[in-house]
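# Structural overview
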Amino acid sequence: MRLLKPLYVFPLVLSGLLLGISGGFVRLGFLDWNISGTAAQHGVLMVGGFLGTLITLERAMVMKNRLWLFVAFLSGVSIPVLLLPGWSTFGQVLLLGASIGLVIIIYLQSIRHPQPYQYIMSIGAISWFLGNFTMIYTGFIPAAVPWWMGFLLFTIVGERLELSKFLPTPSYAKKVLYVLLGLNFIGMWLPFHGIGNWLMGGSVIFIAFWLLHFDMAKVASKKERQFKYIGIGLRVGYLWLVVNGLVLCFMEMHPLFYDLYLHTFFLGFTFSMIWAHAPVIFPMIMNIKEKPYHPILWPAWLIFQLTLIGRIGSSLLKLSDWRLWFGVANGWSILIIFALMALIVLTKITYSKFYQRINTSVRVQIKNTENKVTEQS
């Protein structure tokens, strides 16, 4: 089991992202980066392959026994399997197995730390399992989408509550949040078109307002440097969650409703959370001290947000050409941000090693000088 290391799983996470973006490009109509099978499996690659593996890896790292990393590996290995001709169903079964593993991981963590935020993340893991089961049982990926959204929403809200547990949040406010989450969960069970839309849409709007007011991002955004980057990133993500709720409630008759519904959540909300959590989560996953933050991330982050606004706006206005090019630019901005974060970490590691060598060399010289002085005296 010593072979199970997060470093071996993380390339699978990145492959899920790259292949998922490739499939998204094809679905937009951009065929210059066409990899067979990625368009049909776009949603499964992004939610299960990329996000599912990333979250499972994060949760497995908290466990003392590294054997639990196998659950993340199971999710990650589904990525190439999904693209093998005739093997897509088996790839989906691998994701189902990984979601069962995540449910067990969070259940064990809930026993160790019986806190409300753990129970909320447990509901998120169960939602991923239900979504994967629905996908396999019905063969209809859109039927699984509300559950996948529940997976990410409950996981992220649970993590935000965990990170904000020392803030003096009124007890009534927490009860309100639990009710809102309960309504959202009920909405996922109901028929999608109709009251289910309103329950899910209305609840996420108020959940977003709750987070804007009570989450520690409100405090962090007023600080400097990394804290400001995290705080503003989180709050912008909450605003995207509001937009997603408005789409659910009022845009059902729009011809591009499904596109708006998916990407205001998975790109606007979820990726904003990824960018904001990266300085905290990635060092833990990669078992390194260096954090992937530098002010150079701000322009790339702004490009991501502006291109996403362009993509959503052009969808609203039914401008297909603009939607294509904003969508492609948005996909490239995601890759650029990840590349910048990798460059930042590698630069910090290189600088740290160089500084240590210089420091060691200076200490040796000082010690040698002291020894000579002692000998002469």
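It should be noted that the structure appears before, not after, this text.
Please read these numbers as outputs of a predicted model, since none were measured by experiment.

### Describing unusual backbone geometry
- Phi angles above zero are rare outside glycine, and arginine 225 is one such case at about 55°.
- Structurally, arginine 225 can be placed in helix H10 (residues 225-250).
- For arginine 225, a relative accessible area of 68% translates into the label exposed.

### Digging into the environment of isoleucine 312
- Within the secondary structure, isoleucine 312 sits in helix H12 (residues 297-316).
- A residue is classified by how much of its surface remains accessible, and isoleucine 312, at 6% relative accessible area, is buried.
- Considered as a pair, isoleucine 312 and leucine 262 are 50 residues apart in the sequence and their alpha carbons are 10 Å apart.
- In this structure, isoleucine 312 is in contact with Trp240, Leu260, His263 and Thr264, ignoring residues within four places of it in sequence.

### Section: the packing of helix H6 (residues 141-163) against helix H11 (residues 257-286)
- The interhelical angle for the contact between H6 and H11, taken along N-to-C directions, is 25°, at an axis separation of 12 Å. The angle between H6 and H11 places the two elements in the roughly parallel class. In terms of crossing hand, the pair formed by H6 and H11 is left-handed. Seen from H6, the contacting residues are Pro142, Val145, Pro146, Trp148, Met149, Leu152, Leu153, Ile156, Arg160 and Leu163; seen from H11, they are Tyr258, Tyr261, Leu262, Phe265, Phe266, Phe269, Thr270, Met273 and His277.

### A word on the packing of aromatic side chains
- On inspection of all chains with the given rule, the structure shows 32 aromatic pairs.
- Ring geometry for tryptophan 33 and tryptophan 332: centres 5.6 Å apart, planes at 20°, overall stacked. Taken as a pair, tryptophan 33 in the loop between helix H1 (6-28) and helix H2 (42-62) and tryptophan 332 in helix H13 (residues 320-376) lie far apart in primary sequence, 299 residues in all.
- Cluster of aromatic residues (ring-pair linked, three or more members): Phe10, Phe50, Phe271, Trp275, Phe282, Phe304 and Phe338.
- Its end group placed over the ring of phenylalanine 227, lysine 223 keeps NZ or CZ at 5.4 Å from the ring centre.

### Some points on empty space enclosed by the protein
- In this structure the tally under the stated criterion is two cavities of 30 Å³ or more.
- Here the largest cavity defines a volume of roughly 190 Å³.
- Lining the largest cavity are 14 residues, and of these Ile55, Glu58, Glu159, Ile274 and His277 lie nearest its centre.
- Where the lining of the largest cavity is concerned, the elements lending two or more residues are H2, H6 and H11.
- With six residues, H11 is the single largest residue contributor to the lining of the largest cavity.
- Classifying every residue of the lining of the largest cavity gives nine nonpolar, three polar and two charged.
- Lining the lining of the largest cavity are residues from two domains, each supplying at least three of them: domain 1 (1-165) and domain 2 (190-371).
- Roughly 50 Å³ of internal volume is contained in the second largest cavity.

### Points about a nonpolar patch on the surface
- A cluster of nonpolar side chains, Ile100, Ile104, Tyr107, Leu108 and Ile111, forms an exposed patch at the surface whose accessible area comes to about 450 Å².
- What makes isoleucine 104 partly exposed here is its relative accessible area of 37%.

### Concerning the packing of helix H5 (residues 116-138) against helix H7 (residues 171-189)
- Between H5 and H7, the least distance of the axes is 12 Å, while the angle of their chain directions is 10°. Taken together, the axes of H5 and H7 are roughly parallel relative to one another. Between H5, through Pro116, Ile120, Ile123, Ser127 and Leu130, and H7, the contact on the second element is made entirely by Tyr178, Leu181, Phe185, Met188 and Trp189.

### Side note on the nonpolar core
- Phe271, Trp275 and Phe338 are the most contacted members of the largest nonpolar core, which has 110 residues in total.
- Of the residues forming this core, the biggest block, 17 residues, is contributed by H11.
- In terms of domain composition, this core takes at least three residues from each of domain 1 (1-165) and domain 2 (190-371).
- Sequence-distant contacts of tryptophan 275, defined by excluding residues within four places in its chain, comprise Tyr229, Trp301, Phe304, Ile334, Ile337, Phe338 and Met341.

### Quick look at the layout of surface pockets
- Its boundaries defined by the atoms lining it, the largest pocket holds a volume of some 610 Å³.
- Gly24, Arg27, His42, Leu262 and His263 are the residues nearest the centre of the largest pocket, which is lined by 30 residues in total.
- Of all the secondary-structure elements, those providing two or more residues to the lining of the largest pocket are H1, H2, H6, H11 and H13.
- Considering every element that reaches the lining of the largest pocket, the biggest residue donor is H11, with seven residues.
- Per-class residue counts for the lining of the largest pocket are 18 nonpolar, eight polar and four charged.
- Looking at which domains feed residues into the lining of the largest pocket, each of domain 1 (1-165) and domain 2 (190-371) gives three or more.
- Taken as a whole, the second largest pocket encloses approximately 310 Å³ of empty space.
- Elements with a minimum of two residues in the lining of the second largest pocket: H1, H11 and H13.
- Ranked by the residues each element gives to the lining of the second largest pocket, the list is headed by H13, at seven residues.
- Among the residues making up the lining of the second largest pocket, the classes are represented as 14 nonpolar, no polar and one charged.

Calculation rules
- Residues numbered from 1 in each chain as written.
- Predicted model: local features only at pLDDT ≥ 70, side-chain atom pairs only at ≥ 80, totals over all residues.
- Heavy atoms only, no water.
- Helix = DSSP H or I, 4+ residues; strand = E, 2+ residues; numbered from the N terminus.
- Buried < 20%, exposed > 50% of the residue type's maximum accessible area, 1.4 Å probe, protein only.
- Contact = heavy atoms within 4.5 Å.
- Axes fitted to C-alpha atoms, helices over the stretch in contact; angles between N-to-C directions.
- Parallel < 35°, antiparallel > 145°, perpendicular 65-115°, else oblique.
- Left-handed = near helix turned anticlockwise from the far one by under 90°.
- Phe/Tyr/Trp six-rings, centres within 6.5 Å; stacked < 30°, edge-to-face > 60°.
- Lys NZ or Arg CZ within 6 Å of the ring centre and 35° of its normal.
- 1 Å grid on protein atoms, 1.4 Å probe; cavity = no way out; pocket = protein on both sides within 12 Å on 5 of 7 lines; lining within 4 Å.
- Points joined across faces, edges and corners; volume = space filled by probe spheres on them.
- Nonpolar A, V, L, I, M, F, W, Y, C, P; charged D, E, K, R; others polar.
- Domains from an automatic or database assignment.
- Patch = residues over 30% accessible without salt bridge, like charges linked within 9 Å, V, L, I, M, F, W, Y side chains within 5 Å.
- Areas by Shrake-Rupley, 256 points an atom, 1.4 Å probe, with all protein chains shown as cover.
- Salt bridge = Lys/Arg side-chain N within 4 Å of Asp/Glu carboxyl O.
- Core = buried A, V, L, I, M, F, W, Y, C linked by side-chain atoms within 4.5 Å.

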